[in-house]
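Structure at a glance
So the chains spell out like this:
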Amino acid sequence: MTAQIIGDKPNTYAFTKALGESALVTEGGCLPIVVIRPSIVVAAWREPLPGWLENLNGPTGIVAGAGKGVLRTVYCKREKIADLVPVDIPINLAIAAAWKIASQPSNAIPVYNCTSGSINPIRWGQLETMGMAAIRKYPMENVLWYPGGSYKESALLNTICQLIFHSLPAYMMDSMAYLMGKKPVMVRVVEKMHKAQKAIEYFATNEWKWSNDNVEKLNKELTEVDRRTFNFDLSDLNWPDFIAVYVKGTRQFVFKEDLSTLDEARKHTDKMFWVEKCLQIVFFIVFGQLFTWLFC
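This text gives an overview of the structure that appears in the document.

Rules used in this analysis
- Residues numbered from 1 in each chain as written.
- Predicted model: local features only at pLDDT ≥ 70, side-chain atom pairs only at ≥ 80, totals over all residues.
- Heavy atoms only, no water.
- Helix = DSSP H or I, 4+ residues; strand = E, 2+ residues; numbered from the N terminus.
- Buried < 20%, exposed > 50% of the residue type's maximum accessible area, 1.4 Å probe, protein only.
- Contact = heavy atoms within 4.5 Å.
- Areas by Shrake-Rupley, 256 points an atom, 1.4 Å probe, with all protein chains shown as cover.
- Lys, Arg positive; Asp, Glu negative; His and termini not counted.
- Charge placed at Lys NZ, Arg CZ, Asp CG, Glu CD.
- Phe/Tyr/Trp six-rings, centres within 6.5 Å; stacked < 30°, edge-to-face > 60°.
- Lys NZ or Arg CZ within 6 Å of the ring centre and 35° of its normal.
- Expected span 1.5 Å × (residues − 1).
- Bend = angle between axes of the 7 residues up to and from the residue.
- Axes fitted to C-alpha atoms, helices over the stretch in contact; angles between N-to-C directions.
- Parallel < 35°, antiparallel > 145°, perpendicular 65-115°, else oblique.
- Left-handed = near helix turned anticlockwise from the far one by under 90°.
- Nonpolar A, V, L, I, M, F, W, Y, C, P; charged D, E, K, R; others polar.
- Polar contact = N/O pair within 3.5 Å; in protein donor to acceptor, adjacent residues only side chain to side chain.
- Patch = residues over 30% accessible without salt bridge, like charges linked within 9 Å, V, L, I, M, F, W, Y side chains within 5 Å.
- Salt bridge = Lys/Arg side-chain N within 4 Å of Asp/Glu carboxyl O.

1. Side note on the overall build of the protein chain
When helices and strands are tallied, the protein chain shows 11 helices and 6 strands. In terms of overall dimensions, the protein chain has C-alpha extents of about 80 × 50 × 40 Å along its principal axes. Of all 296 residues assigned to the protein chain, the portion counted as buried reaches 39%. By sequence separation, contacts in the protein chain at least 24 residues apart represent 82% of the contacts at least 6 residues apart. Of the accessible surface of the protein chain, which amounts to about 17,500 Å², a share of 62% is contributed by carbon and sulfur atoms. Counting 32 positive and 29 negative side-chain charges, the protein chain places the averaged centre of each group 5 Å from the other.

Here it is as structure tokens:
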């Protein structure tokens, strides 16, 4: 039924946003209305605190899963633009746009596309590289495995890797937990992670070009003081620095892990690195012996 209702929209979230805009057009009457359309909203750039966020929506779920060593594969097109926008940017834009429509009324409903792709783009491949570097520099506490994995540009390959590196280990860990009298949780965690991944796949495998003429025009109308106070200009955003802040914010505000525990987390992550290498060596030895036994 959902597919019949939302039509060509990728999910219910996009559908309800379009529905809301339609309601404003038909029912707004003479009210002073503006529409702010942010792209993929992520952690705060500057306000209220650098890296601030409070949920696992969108790419944050990927950052969290990769940071804990659970996420090993993501279906994504590396060359596509990841149109990320820090959460404080559309908020500042909304304040400025409200001032504009209140002081300069318009018969039409102005639309402000709050995006980064047209002025300061970052591609998913760059996000993969920057994100993994930041995750290893600012590791999460008690990672289950050494952070790694990669994006997959084939949906089939990604599905196979999800089965091998996500679902199979989850069932093994839950079986062990059950035998030890503990509550099995990993299968449920992986299922939620896959659901979150599915929601972002459409946006990670496509890209769009948005006009931000209204945003640039509004920015020029503000005073210098207002530009600093209600900043929504992303041209100065340094992506490597911001991604590092994003990772630390996920650690601090989502997982509630104090930055004072970073040294201990780094020691644990280093241990998991050597555990991974030792297991890889054992795997290759066993695989080599099996190959020799079968074919030699």
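2. Some thoughts on the packing of aromatic side chains
Under the counting rule described, the total for this entry stands at 9 aromatic pairs. Their ring planes at 80° and their centres at 5.0 Å tell us that Phe-273 and Trp-274 sit as a pair that is edge-to-face. The ring of Tyr-138 has Lys-248 lying over it, and the distance from NZ or CZ to the ring centre is 4.8 Å.

3. Some details on helix 6 (residues 155-179)
Along its 25 residues, helix 6 runs 35 Å from first to last C-alpha, staying within 8% of the 36 Å computed at 1.5 Å per residue. In helix 6, a bend of some 35° at Leu-163 exceeds every other bend along the element.

4. What to know about the packing of helix 6 against helix 7 (residues 186-204)
The N-to-C vectors of helix 6 and helix 7 enclose an angle of 160°; their axes lie 8 Å apart at closest approach. Judged by the angle between their axes, helix 6 and helix 7 are roughly antiparallel. The two elements helix 6 and helix 7 meet at a crossing, and its hand is right-handed. Across the interface between the two elements, Asn-158, Gln-162, His-166, Ser-167, Ala-170, Tyr-171, Met-173 and Asp-174 from helix 6 touch Met-186, Val-187, Val-190, Met-193, His-194, Gln-197 and Glu-201 from helix 7. In terms of residue class, the contact of helix 6 with helix 7 is made up of 7 nonpolar, 6 polar and 2 charged.

5. Observations regarding the environment of Glu-141
Along the chain, Glu-141 falls in the loop between helix 5 (124-137) and strand 6 (150-152). Sequence spacing of Glu-141 and Ile-5 is 136 residues, and the spatial spacing of their C-alpha atoms is 42 Å. There is a polar contact of 2.7 Å between the side chain of Glu-141 and the side chain of Thr-261.

6. Here's the deal with unusual backbone geometry
In this structure, the amide linkage connecting Glu-47 to the following residue, Pro-48, adopts the cis form with an omega of -5°. Mapping Pro-48 onto the fold places it in the loop between strand 2 (40-42) and helix 3 (59-67). Phi at Asn-142 is positive, roughly 50°, even though this residue is not glycine. Note that Asn-142 resides in the loop between helix 5 and strand 6.

7. What about the side chain of Asn-113?
Structurally, Asn-113 is set in strand 5 (residues 111-114). Under the relative-accessibility criterion, Asn-113 is labelled buried at 12%. Within polar-contact distance, the side chain of Asn-113 engages the backbone oxygen of Ser-211 at 2.9 Å. Discounting chain neighbours no more than four positions away, the residues touching Asn-113 are Arg-37, Trp-210, Ser-211, Asn-212 and Val-215.

8. Let's talk about the side chain of Gln-197
Assignment of secondary structure puts Gln-197 in helix 7. The class for Gln-197 is buried, based on a relative accessible area of 4%. Apart from the residues lying within four places of it in its own chain, the contact partners of Gln-197 are Leu-71, Thr-73, Val-74, Gln-162 and His-166.

9. Describing a nonpolar patch on the surface
Together, Phe-283, Phe-284, Phe-287, Leu-290, Phe-291, Trp-293, Leu-294 and Phe-295 make up an exposed nonpolar region whose accessible area comes to about 1,000 Å². Looking at the secondary structure, you find Leu-294 in helix 11 (residues 262-295).

10. With respect to the pattern of salt bridges
Counted by the stated rule, this structure contains 12 salt bridges. A salt bridge links Glu-207 to Arg-123; the shortest N-O distance between them is 3.9 Å. With Glu-207 in the loop between helix 7 and helix 8 (213-221) and Arg-123 in the loop between strand 5 and helix 5, this pair connects stretches of sequence that are 84 residues apart. When its relative accessible area of 32% is taken as the criterion, Glu-207 is described as partly exposed. The closest approach of N and O atoms between Arg-251 and Glu-257, which form a salt bridge, is 3.9 Å. Arg-251 sits in the buried class, given a relative accessible area of 0%. Accessibility expressed as a relative area gives 5% for Glu-257, which makes it buried.

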